[in-house]
Amino acid sequence: MSLKQRLVVLMLSAITVLWLAASTGLYLHSKHEFNEILDAHLAQIASLLMAQGLDQYDDDDEDDDDIDMEHTPLLHKYSRRVAFQLWYKGERLTLHSQNATNTLLSQQKEGFSDSYINQEHWRVFSAWDDDRRHLVQVAELIEVREEVIHDMTRTQLLALLVALPIIALVVWWSALWGLKPLINLTQSIAKREPRNLTPLDLIAPAEVRPLIECLNSLFGRIQIMMDNERRFTADAAHELRTPIAGISAQVQVAKLSLHEHERQHALNYALQGCQRATHLISQLLTLARLESSASTQLQTCSLRDLATEVLVELAPTAHDAGITLELVEGEETQVLGLPLLLQVLIRNLVDNAIRYTPTGSLVTLTILSTPQPTLIVSDNGWGLSEEEMAKISQRFYRVLGNKASGSGLGLSIVERIVAIHQAHIVYSKPTSGQGLQVTVNFK
């Protein structure tokens, strides 16, 4: 169902239910009030009969035939629905209407009561005169009252049936008019070019503005992601061009070389270029996965265990480079995170320290638990200037004059993993000596 259809159905359903509920309440209230009025009418008739003077119907002698009972005529077709009786001392019937029986209309001789006479339901009012010599009973068929109430109910339901189509048209028009901002928004988005991510500028009611704000926020994030994608693609193409060109050149040298020594030298350079390209592609794939990574359920990880595994893995590389790796003893530290990504973070930090420190340097990895979980990787190499520290996390950035192999993506990956874990990273100089210290503070 469309939003308009849903609104119309819901509103008509609500109106119908409320109308029926109101009609039911009105029916019950009207029935009560109508019965009260008719009961008062019965009591008033009894009062009028008493006011006519009942002494003329006194008769203490039940065997006296000189006094005949009077029968009042029926002057209207509905008169048969109302009956009355006059009883002397409640025992002898002295006056009654033509449709009244010769027995008491009700055995209750005071007040209102219900009675069944000849299988008909009557409402009866009984009253005595002041000296309690004459009993007046006035009755009315309940059927009359029910007919009036039912007529009123039928009128209300008929009005509802007639009004519902009109209300439906009004509601439909109101929904169409009220949803116009959404229709305008839909048309505006439908007409947009795929690359048009500029914010929407539409006049809209308060209920629609949050949707427009969310769409504009989404457009902004998509724009940033597309810009990153374009920059990433351009940078990756540029960075891959260099090792591929080098590999191609060395292969050409090896192919044209007449001496075995020159051929082997060229092939070694080509192999190094392949290794560099392989490393670069691996880092690019890792960064691409991190850029598009969805939120994943975090789990409790031991920083010390993860660091130990990484140092064992990188120990041969550090040994070949003449670098000493050290894991400072400390307390067991737990963090909430993704183990594989945290290993990548530690590996890139230690690998960078190995690559960019001279032979004989010391790379230290420290893990602290207070005041918050902290990972520190430091070295005693050449260090960096303040300007270089501000740039080292940029993609493909490499310190000028440094001949170490690398892709310039290691710290970009580290920054992304830090952001995923809502941690904080700081680049600084060690408190003692020169070099570079990278501190990652977890929550």
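Shown above is the structure to which this text applies.
Throughout what follows, the structure given in this document is the object of discussion. (Residues numbered from 1 in each chain as written. Predicted model: local features only at pLDDT ≥ 70, side-chain atom pairs only at ≥ 80, totals over all residues. Heavy atoms only, no water.)

## Side note on the overall build of the protein
Reasoning step 1: In terms of helices and strands, the protein carries 9 helices and 13 strands.
Reasoning step 2: Sorting the 443 residues of the protein into buried and exposed places 36% on the buried side.
Reasoning step 3: Summarising the internal contacts of the protein: among those between residues at least 6 apart in sequence, 63% fall at separations of at least 24.
Reasoning step 4: Counting every atom, the protein has about 26900 Å² of accessible surface; 58% of that belongs to carbon and sulfur. (Helix = DSSP H or I, 4+ residues; strand = E, 2+ residues; numbered from the N terminus. Buried < 20%, exposed > 50% of the residue type's maximum accessible area, 1.4 Å probe, protein only. Contact = heavy atoms within 4.5 Å. Areas by Shrake-Rupley, 256 points an atom, 1.4 Å probe, with all protein chains shown as cover.)

## A word on the sheet that holds strand S8 (residues 324–327)
Reasoning step 1: Read from one edge to the other, the open sheet built from 5 strands follows the order S8-S10-S11-S13-S12, with strand pairing classed as mixed. One side of each edge strand has no neighbouring strand; the edge strands of this open sheet are S8 and strand S12 (424–428). Strand-to-strand, the axes of this sheet are offset by a mean angle of 10°, without reference to chain direction.
Reasoning step 2: Bridge count between strand S11 (residues 374–379) and strand S13 (residues 437–441): 5 bridges; the pairing is antiparallel. Within the sheet, the bridge partner assigned to valine 377 lies in S13 and is valine 438.
Reasoning step 3: Contacts from helix H6 (residues 303–321) reach S8 and strand S10 (362–368), with the element oriented near 170° to S8.
Reasoning step 4: In the packing of helix H7 (residues 339–355) onto the sheet, the strands contacted are S8, S10, S11 and S13, and the crossing angle to S11 comes to about 15°. (Pairing = 2+ DSSP bridges. Axes fitted to C-alpha atoms, helices over the stretch in contact; angles between N-to-C directions.)

## Considering the packing of aromatic side chains
To describe a pair of aromatic rings, you give the distance between the ring centres and the angle between the ring planes.
Reasoning step 1: Enumeration according to the criterion identifies 1 aromatic pair in this entry.
Reasoning step 2: For the pair phenylalanine 112 and phenylalanine 125, a centre-to-centre distance of 4.7 Å together with 45° between the ring planes defines the contact as tilted. With a gap of 13 residues between them, phenylalanine 112 in strand S4 (residues 111–117) and phenylalanine 125 in strand S5 (residues 120–128) connect regions that are remote in the sequence.
Reasoning step 3: Given the relative accessible area of 31%, phenylalanine 112 is considered partly exposed.
Reasoning step 4: Phenylalanine 125 sits in the buried class, given a relative accessible area of 14%. (Phe/Tyr/Trp six-rings, centres within 6.5 Å; stacked < 30°, edge-to-face > 60°.)

## Notes on helix H2 (residues 142–178)
Reasoning step 1: With 37 residues, H2 should reach 54 Å at 1.5 Å per residue; the first-to-last C-alpha distance of 51 Å fits that figure.
Reasoning step 2: The largest bend along H2 reaches roughly 35° and is located at alanine 163, with the proline proline 165 sitting one to four residues downstream.
Reasoning step 3: Where H2 is concerned, the buried positions are Ile142, Val144, Arg145, Ile149, Gln156, Leu160, Ala163, Ile167, Ala168, Val171 and Ala175.
Reasoning step 4: At its buried positions, H2 is contacted by helix H1 (3–51), S5 and strand S6 (134–141). (Expected span 1.5 Å × (residues − 1). Bend = angle between axes of the 7 residues up to and from the residue.)

## Remarks on the side chain of serine 113
Reasoning step 1: Assignment of secondary structure puts serine 113 in strand S4.
Reasoning step 2: With residues up to four places along the chain from it excluded, the contact list for serine 113 reads Ser106, Gln108, Trp122, Arg123 and Val124.

## Topic: the nonpolar core
Reasoning step 1: Judged by nonpolar contacts, the single largest core of 38 residues is most densely connected at Leu345, Ile346, Leu365 and Val440.
Reasoning step 2: Those elements that provide at least two residues to this core are H6, H7, S10, S11, helix H9 (410–420), S12 and S13.
Reasoning step 3: Not counting chain neighbours up to four residues away, the residues in contact with valine 440 comprise Leu345, Leu349, Pro373, Thr374, Leu375, Val418, Ala423, His424 and Ile425. (Core = buried A, V, L, I, M, F, W, Y, C linked by side-chain atoms within 4.5 Å.)

## Side note on the pairing of S5
Reasoning step 1: Among the 9 residues that make up S5, 7 are buried, leaving the element largely enclosed by the rest of the structure.
Reasoning step 2: Here S4 pairs with S5 via 7 bridges, running antiparallel. Paired with phenylalanine 112 across the bridge in S5 is phenylalanine 125.
Reasoning step 3: Counting the residues that bridge the hairpin from S4 to S5 gives 2 residues, and of these asparagine 118 lies at a positive phi of roughly 50°.
Reasoning step 4: Note: S5 against S6, 7 bridges, orientation antiparallel. Residue pairing for S6: phenylalanine 125 is matched across the bridge by valine 138.
Reasoning step 5: Adjacent in sequence and paired antiparallel, S5 and S6 are bridged by 5 residues, among which arginine 132 carries a positive phi angle near 55°.

## As for the packing of H6 against H7
Reasoning step 1: One can describe the packing of H6 onto H7 by two numbers: an axis separation of 9 Å at closest approach and a directional angle of 35°. Seen along the crossing, H6 lies across H7 with a hand that is right-handed. Contacts between H6 and H7 involve Leu303, Leu306, Ala307, Glu309, Val310, Leu311, Glu313, Leu314, Thr317, Ala318 and Ala321 on the former and, on the latter, Pro339, Leu342, Gln343, Ile346, Arg347, Val350, Asp351 and Ile354.
Reasoning step 2: Residue composition of the contact of H6 with H7, by class: 13 nonpolar, 2 polar and 4 charged. (Left-handed = near helix turned anticlockwise from the far one by under 90°. Nonpolar A, V, L, I, M, F, W, Y, C, P; charged D, E, K, R; others polar.)

## Things to note about the pattern of salt bridges
If the charged atoms of two oppositely charged side chains come close together, the side chains can form a pair.
Reasoning step 1: In total, this model carries 11 salt bridges according to the counting rule given.
Reasoning step 2: Glutamate 110 serves as the salt-bridge partner of arginine 132, at 3.6 Å between the closest nitrogen and oxygen. Of this pair, arginine 132 sits in the loop between S5 and S6 while glutamate 110 sits in the loop between strand S3 (92–97) and S4; the two residues are 22 residues apart in sequence, bridging distant segments of the chain.
Reasoning step 3: Among the residues examined, glutamate 110 registers a relative accessible area of 44% and is labelled partly exposed.
Reasoning step 4: For arginine 145, the salt bridge is made with glutamate 140, and the minimal N-O distance between the two is 3.2 Å. Assigned by exposure class, arginine 145 and glutamate 140 land together as buried.
Reasoning step 5: Through salt bridges with shared partners, a single network forms among Asp39, Asp114, Arg123, Glu140 and Arg145. (Salt bridge = Lys/Arg side-chain N within 4 Å of Asp/Glu carboxyl O.)

## A short note on H7
Owing to its 3.6 residues per turn, the α-helix aligns residues three or four sequence positions apart on the same side.
Reasoning step 1: Compared with an ideal rise of 1.5 Å per residue, which puts 17 residues at 24 Å, H7 spans 24 Å between its outermost C-alpha atoms and is within 8% of the ideal.
Reasoning step 2: The element H7 is extensively covered by neighbouring structure, given that 12 of its 17 residues are classed as buried.
Reasoning step 3: Of the positions making up H7, those classed as buried are Leu341, Leu342, Gln343, Val344, Leu345, Ile346, Asn348, Leu349, Val350, Asp351, Ala353 and Ile354.

## Examining unusual backbone geometry
Reasoning step 1: Cis geometry is found at the peptide bond from threonine 370 to proline 371, where omega equals -5°.
Reasoning step 2: Considering the arrangement of structural elements, one finds proline 371 in the loop between S10 and S11.
Reasoning step 3: A positive phi angle is found at lysine 89, which is not glycine, with a value near 55°.
Reasoning step 4: Mapped onto the elements, lysine 89 comes out in the loop between strand S2 (82–88) and S3.
Reasoning step 5: Phi at asparagine 118 is positive, roughly 50°, even though this residue is not glycine.
Reasoning step 6: Of note, asparagine 118 is situated in the loop between S4 and S5.
Reasoning step 7: Residue classification places asparagine 118 among the exposed residues on the basis of a relative accessible area of 64%.

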